[in-house]
Amino acid sequence: MRDVRMLGVSKDAIQRAVTERRTLRRPRYGIVALPGLPDPLFRAAAAGGALAAMSAADYHGLWTPRGHRLHISTRSDTPRRPNDHAVLVRDGERLDPGERFAVSLETCVRQCIQLLPFDEAVAVLDSALHLEMTNLDKTVDLQRLKRELPHRFHAVIEATDARAEAGAETLARVRLSQVGIAARPQVWVTSEIRVDLLIHDRLVVEIGSKEFHADPTQYEKDHNRAATLLALGCDVLEFTTNQVMDDWPFVLGIIADHAARATRR
């Protein structure tokens, strides 16, 4: 509200914009927002807090698991509002109108590690580290994170790999590791071909590849890529993101079968 007043807008004008013209919305006393403000931000402001955990990960551009509930970071004494199914993370972080709408990237990652299953927590951290490679303003200090987290969460940090480029890829890698199958992410098998996951030396696992490309140029490249991998003696398994997310036992069975064959060669 004070930011709007600093622009020379009177209290009466603000009130009319909210109640009559509806060009502004008021999530709570002292805060006004434009009508187009995304619902998660509006609900966080209404609760007197900031986006937290997976909701903050969305805000920062990280991978997040599907279907997560809205998480809001608030003071420890913030009452739960009726009929709002948001999860309140009462860790003292506060919404600062006009400056911050979500907890910091590092705080968000720490919260996700503590709240998510192991594989999804690694995927969020992988996503944050990969983001850092393209945006130096978005950094996560792994050593500080390790100091702040209880020891039981250190395995998440140790399992992370900044080379991973997609959440489903990380989920597959971590889940394979949990059954004793080591998969290396983003491996260059030639000077021009990089694969999502490589098991042993010749088993390639691609996640999220499309079976059909409308672009004739991309279609040609995909077939040349596949032919090159086959010529190198690689077995290539392709799965969609939905298969990894929704039908992992099926995906694991196929990968494990091919991995076992590869060890017998």
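1. Considering the overall build of the chain
Looking only at helices and strands, one finds 12 helices and nine strands in the chain. Taken over 265 residues, the chain has a buried fraction of 42%. Sequence-distant contacts in the chain: of pairs separated by 6 or more residues, those separated by 24 or more amount to 52%. When the accessible surface of the chain is summed, it comes to about 14,900 Å², and 50% of that surface belongs to carbon and sulfur atoms.

2. As for the sheet that holds strand E7 (residues 194–199)
Strand order in the open sheet formed by four strands is E6-E7-E8-E9, with mixed pairing between adjacent strands. A strand with exactly one partner marks an edge of an open sheet, and here the two such strands are strand E6 (183–188) and strand E9 (235–239). Taken over all neighbouring pairs, the strand axes of this sheet differ in orientation by 35° on average, direction set aside.

3. What to know about the environment of Ser 104
In this structure, Ser 104 sits in the loop between strand E5 (87–90) and helix H5 (105–115). Overall, the relative accessible area of 33% leaves Ser 104 in the partly exposed class. For the pair Ser 104 and Ala 52, spaced 52 residues apart in the sequence, the C-alpha separation amounts to 8.7 Å. Here the side chain of Ser 104 touches Thr 107 through a polar contact of 3.0 Å, side chain to side chain.

4. Things to note about the nonpolar core
Of all hydrophobic cores here, the largest spans 54 residues; its most connected members are Leu 62, Ile 113, Leu 125 and Ile 199. Core analysis: the second largest hydrophobic core is formed by seven residues, Val 187, Val 195, Val 204 and Cys 234 among them.

5. Here we look at the sheet that holds strand E4 (residues 71–74)
Sheet architecture is open: three strands sit in the order E3-E4-E5, paired in mixed fashion. Every other strand in the sheet has two partners, leaving strand E3 (50–51) and E5 as the edge strands with one partner each. Across four bridges, the pairing between E4 and E5 is parallel. Bridging across to E5, Ser 73 finds its partner in Val 89.

6. A short note on the pattern of salt bridges
Throughout the structure, instances matching the rule amount to 11 salt bridges. Its salt-bridge partner being Arg 66, residue Asp 246 comes within 2.6 Å of it at the nearest N-O pair. Linking Asp 246 in helix H11 (residues 241–246) with Arg 66 in the loop between helix H4 (53–60) and E4, this pair joins segments that are 180 residues apart in sequence.

7. Considerations on the packing of aromatic side chains
Following the criterion strictly, the structure yields zero aromatic pairs and no others. A cation sits over an aromatic face here: Arg 175 above Trp 248, 5.5 Å from the ring centre.

8. What about the state of the cysteines?
Scanning the entire structure with this criterion turns up zero disulfides. Cysteine Cys 108 remains unbridged, with the sulfur of Cys 112 as its closest cysteine sulfur at 4.4 Å. Of the residues examined, Cys 112 reaches a relative accessible area of 0% and is grouped as buried.

9. Side note on helix H9 (residues 167–178)
Between its first and last C-alpha atoms H9 spans 17 Å; for 12 residues at 1.5 Å apiece the expected length is 16 Å, and the two agree. Among the 12 residues in H9, 10 count as buried, and that is most of the element. Phi for Gly 180, located one or two positions after H9, is positive at around 85°.

10. Side note on the pairing of strand E8 (residues 203–207)
Most of E8 is tucked away: five of the five residues are buried. Side-chain alternation along E8 places Leu 203, Val 205 and Ile 207 on one buried face and Val 204 and Glu 206 on a second face that is also buried. In the sheet, E7 pairs with E8 via three bridges, with the strands oriented antiparallel. Opposite Leu 197, over in E8, you have Val 205 as the bridge partner. Counting the residues in the hairpin turn of E7 and E8 gives three residues, including His 200, whose phi is positive at 55°. Looking at chain direction, E8 and E9 are connected through five bridges and run parallel. Among the inter-strand pairings, Ile 207 is bridged to a residue of E9, identified as Phe 239.

11. Here's the deal with the side chain of Arg 175
Tracing the backbone shows Arg 175 in helix H9. On the basis of relative accessibility, which here comes to 15%, the residue Arg 175 falls in the buried class. Non-local contacts of Arg 175, meaning those with residues more than four positions away in its chain, are made with Asp 119, Val 244 and Trp 248.

What counts and how
- Residues numbered from 1 in each chain as written.
- Predicted model: local features only at pLDDT ≥ 70, side-chain atom pairs only at ≥ 80, totals over all residues.
- Heavy atoms only, no water.
- Helix = DSSP H or I, 4+ residues; strand = E, 2+ residues; numbered from the N terminus.
- Buried < 20%, exposed > 50% of the residue type's maximum accessible area, 1.4 Å probe, protein only.
- Contact = heavy atoms within 4.5 Å.
- Areas by Shrake-Rupley, 256 points an atom, 1.4 Å probe, with all protein chains shown as cover.
- Pairing = 2+ DSSP bridges.
- Axes fitted to C-alpha atoms, helices over the stretch in contact; angles between N-to-C directions.
- Polar contact = N/O pair within 3.5 Å; in protein donor to acceptor, adjacent residues only side chain to side chain.
- Core = buried A, V, L, I, M, F, W, Y, C linked by side-chain atoms within 4.5 Å.
- Salt bridge = Lys/Arg side-chain N within 4 Å of Asp/Glu carboxyl O.
- Phe/Tyr/Trp six-rings, centres within 6.5 Å; stacked < 30°, edge-to-face > 60°.
- Lys NZ or Arg CZ within 6 Å of the ring centre and 35° of its normal.
- Disulfide = S-S within 2.5 Å.
- Expected span 1.5 Å × (residues − 1).

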